[in-house]
Amino acid sequence: MKIEDIIKSTVAMDDDKKVILNIMYTQNVINDRFSEILKPYDLSGEQYNVLRILRGQKGIPANMCIIQERMLAKNSNTTRLIDKLLLKDFVTREVCPENRRKIEIRITQKGLDVLTELDPKVNDHEQIFATNLNKEELKQLNILLEKYRTI
């Protein structure tokens, strides 16, 4: 469906405006469906992102800077996200014995178990959006999006 029809616009739009609206609308559609997957686990997309980052550390603790620089949403409040994950026992937070100013964050087994349970659901979610495009179109879309956001 065309973006003009979705937003019920009767005014002609330049392509540069339509691209921004299409990207923003598509992001909302993807996020809404992704939130439905995470809802039963009482997780936000940002919390899920932190868990994925920590799992990728393969047992090596991460500090707040490492987590923040790898976040998809760079404006996320990492401390608040970690606090919420602590309450769910998905992560641990400890003071580094060698440097007391450094905080080390690790994913717990409970956090790993939740990700393991979510993995096939997230994969299905990604596949649903990919079904309308062939492999070459997916590659081209990635190239175009990477090119488009390079300011």
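Structure: see above.
Report follows, based on the coordinates. (Residues numbered from 1 in each chain as written. Predicted model: local features only at pLDDT ≥ 70, side-chain atom pairs only at ≥ 80, totals over all residues. Heavy atoms only, no water.)

## Quick notes on the environment of Ile 66
Moving on, step 1. Locating Ile 66 in the fold gives a position in helix α4 (residues 64-70).
Moving on, step 2. Once the C-alpha coordinates of Ile 66 and Ile 53 are considered, the two residues, 13 residues apart in sequence, prove to be 8.9 Å apart. (Helix = DSSP H or I, 4+ residues; strand = E, 2+ residues; numbered from the N terminus.)

## Considering helix α5 (residues 78-87)
Moving on, step 1. Looking only at α5, the buried set comprises Thr 78, Leu 81, Ile 82 and Leu 85. Taken down its axis, α5 places every buried residue within 95 degrees of arc, on the same side.
Moving on, step 2. The inward-facing, buried residues of α5 contact α3 (45-56), α4, β1 (91-95) and β2 (103-107).
Moving on, step 3. For α5, the side-chain oxygen to backbone nitrogen distance between the N-cap and Thr 79 is 3.3 Å, and the N-cap itself is Asn 77.
Moving on, step 4. After α5 finishes, the residue Asp 89 shows a positive phi value of roughly 60 degrees. (Buried < 20%, exposed > 50% of the residue type's maximum accessible area, 1.4 Å probe, protein only. Arc of directions from axis to C-beta. Contact = heavy atoms within 4.5 Å. Polar contact = N/O pair within 3.5 Å; in protein donor to acceptor, adjacent residues only side chain to side chain.)

## A word on the layout of surface pockets
Moving on, step 1. Put simply, the largest pocket is a space of about 2400 Å³.
Moving on, step 2. Lining the largest pocket are 43 residues, with Thr 26, Gln 27, Ile 30, Asn 31 and Leu 145 sitting closest to its centre.
Moving on, step 3. Counting residues per element, the ones that place at least two in the lining of the largest pocket are α2 (15-38), α3, α6 (109-130) and α7 (135-148).
Moving on, step 4. Of the residues that constitute the lining of the largest pocket, the class distribution is 26 nonpolar, 10 polar and 7 charged. (1 Å grid on protein atoms, 1.4 Å probe; cavity = no way out; pocket = protein on both sides within 12 Å on 5 of 7 lines; lining within 4 Å. Points joined across faces, edges and corners; volume = space filled by probe spheres on them. Nonpolar A, V, L, I, M, F, W, Y, C, P; charged D, E, K, R; others polar.)

## A few points about the side chain of Gln 47
Moving on, step 1. Tracing the backbone shows Gln 47 in helix α3.
Moving on, step 2. Of the residues examined, Gln 47 reaches a relative accessible area of 4% and is grouped as buried.
Moving on, step 3. Separated by 2.9 Å, the side chains of Gln 47 and Lys 88 make a polar contact.
Moving on, step 4. The residues contacting Gln 47, other than those within four sequence positions of it, are Asp 42, Leu 81, Lys 84, Leu 85 and Lys 88.

## Describing unusual backbone geometry
Moving on, step 1. The phi dihedral of Lys 8 falls on the positive side, at around 55 degrees, and the residue is not glycine.
Moving on, step 2. Along the chain, Lys 8 turns up in the loop between α1 (3-6) and α2.
Moving on, step 3. Phi at Lys 58 takes a positive value of approximately 50 degrees, unusual for a residue other than glycine.
Moving on, step 4. Checked against the element boundaries, Lys 58 lands in the loop between α3 and α4.

## Things to note about α3
Moving on, step 1. Taking 1.5 Å per residue as the helical rise, α3 with its 12 residues ought to reach 16 Å, and the 16 Å between its terminal C-alpha atoms agrees with that figure.
Moving on, step 2. Among all positions of α3, only Gln 47, Tyr 48, Asn 49, Val 50, Leu 51, Ile 53 and Leu 54 are buried.
Moving on, step 3. Each element contacted by the buried residues of α3 is listed here: α2, α4, α5, β1, β2 and α6.
Moving on, step 4. Looking one or two residues beyond α3, the residue adopting positive phi is Lys 58, at roughly 50 degrees. (Expected span 1.5 Å × (residues − 1).)

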